[in-house]
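As a plain string of letters, each chain reads:
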Amino acid sequence: DVKVTQSSRYLVKRTGEKVFLECVQDMDHENMFWYRQDPGLGLRLIYFSYDVKMKEKGDIPEGYSVSREKKERFSLILESASTNQTSMYLCASSRTGKSTYEQYFGPGTRLTVT
Amino acid sequence: GNSVTQMEGPVTLSEEAFLTINCTYTATGYPSLFWYVQYPGEGLQLLLKATKADDKGSNKGFEATYRKETTSFHLEKGSVQVSDSAVYFCALRPLSGGYNKLIFGAGTRLAVHP
């Protein structure tokens, strides 16, 4: 069974802290994605990676960075957390290619920054 | 640019009622279209998809038809159950750009009462 796991379901951090969110997939997928989900805004893409050490900015990359040192793992980093980064963070992965492949999602991490 | 517009929720129905959730899109050419569902406390999972005009996607009693003339992909189900209560997201995969990136609508919450 395909699986995307995220390191924490709930996280509470203080303003200014450095925050790491980890995502692991076991499907040998090339592509991995980080989204944030906010009410009324749907899912917005923060960053994605199409290969190890390769990354591209999504629609809202400001205040975030990412790391992909191994194919199965994709980390989202908040360099200095702020209250406006309180949100649900979802990781996803998919195969690559010209065909239309499904994205598989993790359960999400609800981050609260106080 | 590419975008997806969904009807605002919440949608509240009684069990066995007919469901329609409207989705329209703006995109160049003919993108692939998806419906994802998010059950409480979980990540998103693919419900159905359509990759070309006039295709009908179907799964678990849900259906959606890719209508290029109206740029729509409305989700329907003939008889909803309490277990269908969830948030539904319409999404598109642009024709160009690669990497299987998706653009999501804001989501529509469905609540089904016994």
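Preceding block: the structure.
These notes cover the structure that comes with them.

Examining the pairing of strand E7 (residues 64–70) of chain A
Residue and element names in this part refer to chain A.
- Where E7 and strand E8 (residues 73–78) come together, five bridges link them in antiparallel fashion. The residue of E8 that forms the bridge with Val66 is Leu76.
- Count of turn residues in the E7/E8 antiparallel hairpin: two residues.

Details of the interface of chain A and chain B
- In this assembly, 27 residues from chain A lie in contact with 20 residues from chain B.
- Buried surface at the junction of chain A and chain B, both sides included, amounts to about 1800 Å², of which 53% is carbon and sulfur.
- Remark: the boundary between chain A and chain B carries zero salt bridges.
- Applying the counting criterion to the chain A and chain B interface returns three residue pairs in polar contact (both at pLDDT 80 or more).
- Contributions of two or more residues to the side of chain A that touches chain B are made by strand E4 (31–38), strand E5 (42–51) and strand E9 (87–94) of chain A.
- For the side of chain A that touches chain B, the element with the highest residue contribution is E5(A), accounting for five residues.
- Its residues assigned to classes, the side of chain A that touches chain B comprises eleven nonpolar, eleven polar and five charged.

Regarding the layout of surface pockets
- Taken as a whole, the largest pocket holds about 640 Å³ of empty space.
- If you list the elements that add at least two residues to the lining of the largest pocket, you get E4 and E9 of chain A together with strand E10 (86–93) and strand E12 (108–113) of chain B.
- Here the lining of the largest pocket is composed, by residue class, of 13 nonpolar, twelve polar and six charged.

Examining the side chain of B:Ser85
- Positionally, B:Ser85 belongs in the loop between strand E9 (75–77) and E10.
- A distance of 2.9 Å separates the side chain of B:Ser85 from the backbone oxygen of B:Val82, its partner in a polar contact.

Here's the deal with the pattern of salt bridges
- Applying the stated rule across the entire model yields nine salt bridges over all chains.
- For A:Asp38, the salt bridge is made with A:Arg44, and the minimal N-O distance between the two is 2.8 Å.
- Taking the relative accessible area as the measure of exposure, A:Arg44 reaches 25% and is therefore partly exposed.
- B:Glu63 is the salt-bridge partner of B:Lys56, the closest N and O atoms lying 3.6 Å from each other.

Overview of the sheet that holds E8(A)
Residue and element names in this part refer to chain A.
- Across the sheet, four strands lie side by side as E1-E3-E8-E7; this open sheet has antiparallel pairing. Of all strands in the sheet, those with a lone pairing partner are strand E1 (4–6) and E7, marking the two edges. Strand-to-strand, the axes of this sheet are offset by a mean angle of 20°, without reference to chain direction.
- Of the pairings in the sheet, the one linking strand E3 (residues 19–25) to E8 comprises six bridges and is antiparallel in character. Bridging across to E8, Glu22 finds its partner in Ser75.

Structural notes on the nonpolar core
- In this structure, B:Leu19, B:Trp35, B:Leu47, B:Leu48, B:Phe73, B:Leu75 and B:Tyr88 are the most contacted members of the largest nonpolar core, which totals 26 residues.
- Residue contributions to this core peak at four residues, all from E10(B).
- Apart from the residues lying within four places of it in its own chain, the contact partners of B:Tyr88 are B:Gln6, B:Ile21, B:Trp35, B:Tyr36, B:Val37, B:Leu47, B:Phe62, B:Leu75, B:Gly107, B:Thr108 and B:Leu110.
- By size, the runner-up hydrophobic cluster in this structure holds 21 residues, among which are A:Cys23, A:Met32, A:Phe74 and A:Leu111.

Observations concerning the packing of aromatic side chains
Residues and elements named next belong to chain A.
- Under the defined criterion, the tally for this structure stands at twelve aromatic pairs over all chains.
- Ring geometry for Phe33 versus Tyr35: centroids 6.2 Å apart, planes at 25°, classification stacked. Tyr35 carries the same exposure label as Phe33, and that label is buried.
- A centroid spacing of 6.0 Å and a plane angle of 25° characterise the contact between Phe33 and Phe48, whose relative ring orientation is stacked. Here Phe48 lies in strand E5 and Phe33 lies in strand E4, a separation of 15 residues in the sequence. Of the two residues, Phe33 and Phe48, neither departs from the other in class, the shared state being buried.

With respect to the sheet that holds strand E7 (residues 56–59) of chain B
Residues and elements named next belong to chain B.
- Read from one edge to the other, the open sheet built from four strands follows the order E3-E9-E8-E7, with strand pairing classed as antiparallel. In this open sheet, the two strands that pair with only one neighbour each are strand E3 (19–21) and E7. Averaged over all neighbouring strand pairs, the angle between strand axes comes to 15°, with direction disregarded.

Cut-offs used in this document
- Residues numbered from 1 in each chain as written.
- Chains lettered and ligands numbered in written order.
- Predicted model: local features only at pLDDT ≥ 70, side-chain atom pairs only at ≥ 80, totals over all residues.
- Heavy atoms only, no water.
- Pairing = 2+ DSSP bridges.
- Helix = DSSP H or I, 4+ residues; strand = E, 2+ residues; numbered from the N terminus.
- Contact = heavy atoms within 4.5 Å.
- Buried area = accessible area lost by both parts, 1.4 Å probe.
- Salt bridge = Lys/Arg side-chain N within 4 Å of Asp/Glu carboxyl O.
- Polar contact = N/O pair within 3.5 Å; in protein donor to acceptor, adjacent residues only side chain to side chain.
- Nonpolar A, V, L, I, M, F, W, Y, C, P; charged D, E, K, R; others polar.
- 1 Å grid on protein atoms, 1.4 Å probe; cavity = no way out; pocket = protein on both sides within 12 Å on 5 of 7 lines; lining within 4 Å.
- Points joined across faces, edges and corners; volume = space filled by probe spheres on them.
- Buried < 20%, exposed > 50% of the residue type's maximum accessible area, 1.4 Å probe, protein only.
- Axes fitted to C-alpha atoms, helices over the stretch in contact; angles between N-to-C directions.
- Core = buried A, V, L, I, M, F, W, Y, C linked by side-chain atoms within 4.5 Å.
- Phe/Tyr/Trp six-rings, centres within 6.5 Å; stacked < 30°, edge-to-face > 60°.

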